Structures are given as structure tokens and as C-alpha cells.
Amino acid sequence: MPGSSHRHWRNDIIYPQPETRRKRRSIFSFAFFCIPGALAALLSLYHIWLDIPLSAWSQALLVPDFEIPGQMIVHFITLPRIAASLLAGASLSLSGLIFQQVLRNPLAEPSTTGVSAGAALALKASALLVPSLALPPVPVACAGAAAAMCLTLALASRSLASPLRLILAGLVVGLFCGGINSVLALFFHEELRSVFLWNTGSLLNLGWDASGYLAPVLLICALLAILLIRPLELLALEEHGGRSLGVPVVAVRLTGLLLAVVLASVTIAAVGVIGFVGIAAPTIARLAGFRTFRQRVVATPLLGSILLWLADQTTQINPLLGNELPTGVLTAIFGGALLLWMLPRLRGANLGDAGASLARRNVSKIPYITFALWVVLLVILIWASLLFARGLDGWVWQGVSDGNAGFEWRWPRVTASAIAGAMLAVAGAIIQRITGNAMASPEILGISSGAGLGVALLFLFDPASGHALKISAASSGAFLTLALSFALARNASASPERMLLTGVALGTVFGALLSAITVRFDPRLTGLLSWLAGSTYSVTTFDVLALASVALGVAAILPLTLRWLVILPLGNVTARQIGVNVGTSRLTLLFIASLLTGTAVLTIGPLSFVGLIAPHLARMTGGRTVLSQLAMSAVLGAFVMVSADWLGRNLLFPYEIPAGTLAALVGTPYFFWLMWHQSQ
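Definitions and limits used
- Residues numbered from 1 in each chain as written.
- Predicted model: local features only at pLDDT ≥ 70, side-chain atom pairs only at ≥ 80, totals over all residues.
- Heavy atoms only, no water.
- Helix = DSSP H or I, 4+ residues; strand = E, 2+ residues; numbered from the N terminus.
- Buried < 20%, exposed > 50% of the residue type's maximum accessible area, 1.4 Å probe, protein only.
- Contact = heavy atoms within 4.5 Å.
- Areas by Shrake-Rupley, 256 points an atom, 1.4 Å probe, with all protein chains shown as cover.
- Salt bridge = Lys/Arg side-chain N within 4 Å of Asp/Glu carboxyl O.
- Disulfide = S-S within 2.5 Å.
- Lys, Arg positive; Asp, Glu negative; His and termini not counted.
- Polar contact = N/O pair within 3.5 Å; in protein donor to acceptor, adjacent residues only side chain to side chain.
- pLDDT = per-residue confidence, 0-100.
- Axes fitted to C-alpha atoms, helices over the stretch in contact; angles between N-to-C directions.
- Parallel < 35°, antiparallel > 145°, perpendicular 65-115°, else oblique.
- Left-handed = near helix turned anticlockwise from the far one by under 90°.
- Phe/Tyr/Trp six-rings, centres within 6.5 Å; stacked < 30°, edge-to-face > 60°.
- Core = buried A, V, L, I, M, F, W, Y, C linked by side-chain atoms within 4.5 Å.
- Expected span 1.5 Å × (residues − 1).

### Details of the overall build of the chain
Then comes step 1: Along its length, the chain carries 30 helices and two strands.
Then comes step 2: Looking at the 680 residues of the chain, the share that counts as buried comes to 54%.
Then comes step 3: Partitioning the contacts of the chain with sequence separation of at least 6, the portion at a separation of at least 24 is 78%.
Then comes step 4: About 29300 Å² of surface is accessible on the chain, with carbon and sulfur atoms providing 69% of the total.

### Considering the environment of leucine 651
Then comes step 1: Mapped onto the fold, leucine 651 is located in the loop between α29 (626-650) and α30 (659-678).
Then comes step 2: On the basis of relative accessible area, leucine 651 is assigned to the partly exposed category, the value being 47%.
Then comes step 3: Placed 261 residues apart in sequence, leucine 651 and arginine 390 show a C-alpha to C-alpha distance of 8.7 Å.

### Observations regarding the pattern of salt bridges
Then comes step 1: According to the stated counting rule, one finds four salt bridges in the structure shown.
Then comes step 2: Between aspartate 312 and arginine 81 there is a salt bridge, with the nearest N and O atoms lying 2.8 Å from each other. Here aspartate 312, found in helix α15 (residues 293-317), pairs with arginine 81, found in helix α4 (residues 69-103); they are 231 residues apart in sequence, far enough to count as distant.
Then comes step 3: Classification of aspartate 312 as buried rests on a relative accessible area of 0%.
Then comes step 4: Given the relative accessible area of 6%, arginine 81 is considered buried.
Then comes step 5: Between glutamate 233 and arginine 294 there is a salt bridge; the shortest N-O distance is 3.4 Å. Taken as a pair, glutamate 233 in helix α11 (residues 229-234) and arginine 294 in helix α15 lie far apart in primary sequence, 61 residues in all.
Then comes step 6: You can call arginine 294 partly exposed: its relative accessible area is 45%.
Then comes step 7: When salt bridges with common partners are traced through the structure, they connect Arg413, Asp645 and Arg649 into a single cluster.

### As for the state of the cysteines
Then comes step 1: If you walk through the whole model with that rule in mind, you get zero disulfides.
Then comes step 2: Cysteine 142 carries a free sulfur, and the closest cysteine sulfur to it, the one in cysteine 221, is 9.0 Å from it.
Then comes step 3: Relative accessible area serves as the criterion here: at 19%, cysteine 142 is assigned to the buried category.

### A short note on the side chain of glutamate 109
Then comes step 1: Note on placement: glutamate 109 falls in the loop between α4 and α5 (115-129).
Then comes step 2: Buried charge without a salt bridge: glutamate 109, with arginine 286 as the nearest opposite-charge side chain at an N-O distance of 11 Å.
Then comes step 3: A polar contact is formed between the side chain of glutamate 109 and the backbone nitrogen of phenylalanine 276, at a distance of 3.2 Å.
Then comes step 4: In this structure, glutamate 109 is in contact with Gly96, Phe99, Gly275, Phe276, Val277, Gly278 and Ile279, ignoring residues within four places of it in sequence.

### Some points on the environment of threonine 78
Then comes step 1: Checked against the element boundaries, threonine 78 lands in helix α4.
Then comes step 2: Along the backbone, threonine 78 and aspartate 51 are 27 residues apart, and their C-alpha atoms lie at a distance of 9.6 Å.

### Topic: the confidence of the model for the chain
Then comes step 1: Overall, the predicted model of the chain reaches an average pLDDT of 76, with 76% of residues at or above 70.
Then comes step 2: The weakest mean pLDDT in the chain belongs to helix α1 (residues 2-14) at 42; the strongest belongs to helix α10 (residues 208-227) at 89.
Then comes step 3: Per-residue pLDDT stays below 50 along residues 1-17; that stretch engages in five contacts with residues further than four places along the chain or on separate chains.
Then comes step 4: Considering only residues more than four positions removed or in separate chains, one finds that residues 348-364, a stretch of pLDDT under 50, has 42 contacts.

### Concerning the packing of helix α24 (residues 541-557) against helix α27 (residues 582-604)
Then comes step 1: In the contact formed by α24 and α27, the axes pass within 10 Å of each other and the chain directions differ by 160 degrees. Comparing the axis directions of α24 and α27 gives the class roughly antiparallel. Judged by the twist between their axes, the crossing of α24 over α27 is left-handed. Here Leu547, Val550, Val554 and Ile557 of α24 lie close against α27, whose contacting residues are Ile592, Leu595, Leu596, Thr599, Ala600 and Thr603.

### A short note on the packing of aromatic side chains
Then comes step 1: Applying the stated rule across the entire model yields two aromatic pairs.
Then comes step 2: Ring plane angle 80 degrees and centroid distance 5.4 Å describe the contact between tryptophan 374 and phenylalanine 639, whose orientation is recorded as edge-to-face. Of the two residues, tryptophan 374 is situated in helix α18 (residues 368-387) and phenylalanine 639 in helix α29; the sequence distance between them amounts to 265 residues.
Then comes step 3: For phenylalanine 639, a relative accessible area of 23% gives the class partly exposed.

### Brief notes about the nonpolar core
Buried together is how nonpolar side chains tend to be arranged in soluble globular proteins.
Then comes step 1: Of all hydrophobic cores here, the largest spans 79 residues; its most connected members are Ile98, Phe99, Leu103, Val115 and Leu232.
Then comes step 2: Those residues in contact with valine 115 that sit more than four places away from it in its chain are Phe99, Pro110, Ala145, Ala148, Met149, Val261, Ala264 and Ile268.
Then comes step 3: One finds Ala420, Leu424, Ile471 and Val635 within the second-largest nonpolar core, a separate group that totals 68 residues.

### Points about helix α16 (residues 327-342)
Then comes step 1: With 16 residues, α16 extends 22 Å between its outermost C-alpha atoms, agreeing within 8% with the 22 Å of an ideal straight helix rising 1.5 Å per residue.
Then comes step 2: Of all the residues in α16, the buried ones are Thr327, Gly328, Val329, Thr331, Ala332, Gly335, Gly336, Leu338, Leu339, Leu340 and Met342.

Here is the structure:
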């Protein structure tokens, strides 16, 4: 009947039949492979065409003429680069897929588990510290990757079922390795000049050796992964379920982790650090309709190779102000954005009732004696750091009136370190209260990186900008980052850890953009590189006055916000019932924390972890009311940064370790301890 056929036609549109769904899925999957593959192929052909005419392509591919530069470029540079991008993309994506299956974590991949950072650090350290041994790169990279993976698993050992905690541990392991890399770069700058581009994942001038490393390893690991398809599929079940089916769960997990670590470390040894391909390829494969692990084992490496091939070709036609953008920077930006998109779609374990615990700590008395003792210790430390230091003749104690020439350049550095440390500590205490998360800080939430990016962009376009403009740029970057973190995590207020991971993802994106700026080798960026390391070497009297002005202004406003800081950790519902305007109060506190962070970052760089350490030390020493915690945090933050500045100047004299870098090297292990303590 006409009516029934009409209804059948409408139902077929609204509720597609199985055959229709399969056809649509096939077309969808085909498009996921063909469209990026075709774009990458067209770009590759275009780059080859720029060097040689079409008639010479076959000769350049097989037997190049050594007297024709274009054929030499195509055979020894262009084609090896394409081959390396295909193999590296397949290796990293297969590694990420195995990580995700073994750990049952859709965010796991070499970058987010700390494996990439560990392998890169091991390669640099072996090349710099023991060059005479000429250690082969692959075993060294594997050892560093395995050590980083073990540290990540140890930190998240009690909550491996939580995707958020595991990835947070891995990303912080990466930050720690990055801090050590900064120290190595400081003392071995000339030796590391050749690996700057390698560290950002540039595929420029690789040659056929990289493919020679990757091809056999990828082939062997892919065959082993195929043989392990059935056991790895059963790992998706609960551990008891897998064992009941006869699967040696521990052996399969260890074998899978070994395969993933080897794939990632060999790729890093061959082509450098390229992040987030291991997240992007499996995720897009699932979106393309490949649901089972058996299907993804085949589809993911193919898709990963195409994605990295396309990314590498894209960087060659999108120069950054005249220089080619490293491929690893582009993949980090894309991967960080993908990570932010995935976060609201995940479930993860909380850190506990952090907000309630912070709120309960408002009942203690103010520890006046302890506060006074720390103030006295801070004054003694500042006095000693001004007058006691190492020189060419060893340790020297000089009074101000005894011809102490170093006093004139020491006092701005010491004063600026103290003020900046206090500002970051207060900002950290505020952020921990408004987020209800005792593990939050300007560094972990990416706020410091946002401030750093704001300054870097200003420095790029106007290196001679005034201090007021720099404070505005840094504070704007910090405020936008913190506001974006709240916006992205607004639907996850019950999971403070999710907001932490959102901040770390934002920090990853901003760090990649900073790398894109600093890799340009622009002479104007020399001062920027020193600042990024957290050096106080160039601090002037005007910088101290600017810091002091902002600090005094905030100190005058902050007492008006104490009631908000007491009530907000109780939760939005309770705060509204008491009569607090949550939006206005939170926005005001965000602005204060951003201003403090942005101004302090101008002095000690974007990574110091003072904002994490000082509020915890304040609570441990009795500062548990809002006022006492802010005051104790300020004093202890100043104490930590003055200590870091003094040690950085004298520990390896005549060489100097930037205060921000030294504080970060101490602060990251403290964060590790905090994660371990909260997992018990």
C-alpha cells in the first residue's frame, strides 16, 4: 500500500537497516583513510615537483644523478623523510594502542605516560655525560623509557583503574624530565645545539638511517602484537574474568608494556620526540567504526602513519615567520586539543573530598609563634644570601660597608626572588581553595605556562616592550588559562583531578607553542630563553619596584576576599545558600591569582612549583585558617625561592643554576610524594 511504503521509507531514514548502517560505516571509514592520505600524497608530490621535473622522478627514486642537486635532495632528503614519517607514525600509534589496551586507559600513549620524556632524557644524558662509551641509542632509549614507565605506574599504583590519575602521573614525570633537560641544556648548551630540533620532533634531514632503525622493529613488534591479539582482547575484562578464561594476566600485561615501550623508544631514538600520535590515531580509528581491538590493530598503525605523514608535509608549507615548524610541535598542539576534547567523556577517580578537607581546616588558631619564627628565619636567610657567597677565592663573608661590590647586583635578585616566591605561594593557596583541590597550583594547572606564552608572544613582536606591558601580557595569559580550565572542567566539579589534567593538557599545548617560538633561533630570543629557565640574573631595581607594587596592591585587596576563601571550598550549593555570589567571587579570585602568577612568572620563569609546595608547608606548620595559611604561604614561598636563588648561584660556582629551574627540580619530587601519599 502507498501509505505503508511511505512509512517504511520514513522508518528506514530514522532507523537505518543493518545493511544501510554497514554501508555508511564503510564509507565513513574509507573517508577517514582516503582524505588525509590523498592530502598528504598531493603535498608530497608538490614538494618533489619543486625540486625536479616529472620526467626525472623515476631516476631520482631509483638511481639519482649525483650531478643534479634536485635529484640528490629528493633521493636523500625528501623520500627518507616521507618514509620516516610513515614508519614513525605507525610505531607510535601502535604503541599507544597497546598502552591503552593493557592499561585500559583511552588516554595512555608514550607522551602521556612519561615514556617519551624518559627515553629522550636518557639519550641526552648518555651522549653528554658518557660520550666516550658511545652507547647505542636504542638500548639507552629503552632503559630511559622503561624507568619512566615504572615511575608512572608506581605513582598511580593504587588507582590504575583511573585514567586521570595515571595520565597525570605520566605528564608530571614528563615535566620532571623536562626540568632535568633544562639543567643539561644550561651546562652543555653548545653540545646540545644540534639536538634542539630533534627534541621538538623535527623530521628535517633524517636520511635513510632512521627508516633502517624503525622498519625491522616495527615489523617484529607488529607481528608479536598480532600473535597477542586474543590475550590482549581478554584484558578488557576484569582481572578475575581474564584469569578464569586461562589468560596469564601479569605476563600478558608485561609483554604488552614491553612491546609498547620498545616501539616508542626506538622511534624516539630514530626521529626525536613526537607526541600525541598514540592518542590521535586510536581515537580516530574508533570514530571511524573500528570497535574491536582486532580491527584497531590493523587500522590504527595505518591511520597513524597517514596522520604523521600529513602533519609533516603540512609543516613544510606553513612556516612560522620564515622557519619550518617542527612536526612534533604541531602534533603536540593537535594532541593537546584532542586530550581536552576527550576529558569530559571520561570517568575517573577523585582525589577524595579535597574541598571538604580544606573547609574543615578553618577551625584552627593562628600560629603566631610559628609565623614569627619563620619570619626571623627568612630575614636571616636574606641577610646571609646577600653577604655570604662563593667567589674566585672560595667562600667569602663581606659586610655592606666592606667594599662588597656584589651587594649592588645581589640585592635586586634576592629581593625579587623573595617577592616572586611569596606571590606564587599566595596564588597557589588561592587556587587550591577555589578549586577545592589540594594538588592544584599555578604550575600544574598550566597557568604559569599561559603567562609564559603571553610574555613570549609579546617578546616576539616587541622585544623592547616596557615592564607594565609585560605584566599585562603575562597576567592576561594566566587569567585566560585559568578561566579556560574552569570552563572546560565546569561539568566535572565532582572530580578535582579532572581539572588538574585539563590544566596539564593546556600547559602541554602552550609549551608546544613556546617551543615553536624558541626553536626559531632568533637572536632576539636569547633573553627569552634565559627567562624561561627561571633565571634572576637580569633583574633590576625597577623590576623589584614593579613586583613590590603589585604585591602591595594585592595585599591591600586580599583581606576583603577572606570570607569567600572560607566558604567556596564548601561547594557551590552551600556558598549560594550562605549568600555568596559564586560567579563574582570566583572571577575576582581568579583575577587576583592570575595577576600574582603573571607578575611572578616574569621574574622566576613559568615552572618552579613554589605555588604547590608553600601552601602545603604552611598547612603542615599549622597555618590552617585562611589568613594564617596565606601569611605562612607567603613567608615560606619567599624562603623557598631565596634558598633556590642562593643555591643556584653558589652550588656549582662559577656556573649558575636558574632559581626557577632549581625550585622545579625540588618541587616535582614533592608532587610525586604527594601523589603517592594520597594514593595510600
